[in-house]
Amino acid sequence: MTTGRYAFPPDPEAGFRPAPHAPSGLFPSGPPSRPTYREPHPVTGVGVAVGAVVATAWLVLFGLLGRSVSGYAWWTLLAGGLAWLAALLLVRSGDRGAATGIAIVTAGGWSIAAAIVAVRWASIGDWPLW
């Protein structure tokens, strides 16, 4: 058990002084030295999920309008462009999490469309978008 005292008395001739008590900083004693800034529209997981679900539905609905590979690809490009415009508006003045979900799903949808076009191009030997 410790009592907070020295195990031996310090020698007064040696000039020994105990260290001054310095605060740990765990409990600040005054206002912060710098201002703290918080993001007005923080990104949340719920916002990202909602944006992803809405963008998925949007791309599927537009993709169903195409009756061929080229139609599917063009409709997906159009839907993705409109979705990205909506994401830009959300980044500027809305929910940045939803904009993130929209951007991620749109990039995935464009990748799927590009893969489908590439497979068709490789299988028939003719560029399917013209």
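Given the structure is predicted, the values throughout are model-derived calculations rather than measurements.

**Structural notes on the packing of helix H1 (residues 45–63) against helix H3 (residues 96–124)**
Between H1 and H3, whose axes approach to 6 Å, the crossing angle comes to 40°. With respect to each other, H1 and H3 are oriented oblique. Judged by the twist between their axes, the crossing of H1 over H3 is right-handed. Contacts between H1 and H3 involve Gly 47, Val 48, Gly 51, Ala 52, Ala 55, Thr 56 and Leu 59 from the former and Gly 97, Ala 98, Thr 100, Gly 101, Ile 102, Val 105, Thr 106 and Gly 109 from the latter.

**Regarding the side chain of Thr 76**
Along the chain, Thr 76 falls in helix H2 (residues 69–93). Judged by its relative accessible area of 1%, Thr 76 is buried. The contact partners of Thr 76, leaving out residues within four places of it in the chain, are Leu 59, Gly 63, Gly 109, Trp 110 and Ala 113.

**Quick notes on the confidence of the model for the protein**
Fine structural detail should not be taken from predicted coordinates in areas where pLDDT scores are low. When pLDDT is averaged along the protein, the result is 86; 78% of the residues meet or exceed 70. The element-level mean pLDDT for the protein is lowest in H2, coming to 95, with H1 highest at 97.

**Thoughts on the environment of Trp 74**
Summarising the element assignment, Trp 74 is placed in helix H2. The exposure class of Trp 74 is partly exposed, given its relative accessible area of 40%. With 12 residues separating them in the primary sequence, Trp 74 and Phe 62 have C-alpha atoms 9.5 Å apart. Leave out the neighbours within four places in its chain, and Trp 74 touches Leu 129 and Trp 130.

Reading the values: rules and limits
- Residues numbered from 1 in each chain as written.
- Predicted model: local features only at pLDDT ≥ 70, side-chain atom pairs only at ≥ 80, totals over all residues.
- Heavy atoms only, no water.
- Axes fitted to C-alpha atoms, helices over the stretch in contact; angles between N-to-C directions.
- Helix = DSSP H or I, 4+ residues; strand = E, 2+ residues; numbered from the N terminus.
- Parallel < 35°, antiparallel > 145°, perpendicular 65-115°, else oblique.
- Left-handed = near helix turned anticlockwise from the far one by under 90°.
- Contact = heavy atoms within 4.5 Å.
- Buried < 20%, exposed > 50% of the residue type's maximum accessible area, 1.4 Å probe, protein only.
- pLDDT = per-residue confidence, 0-100.

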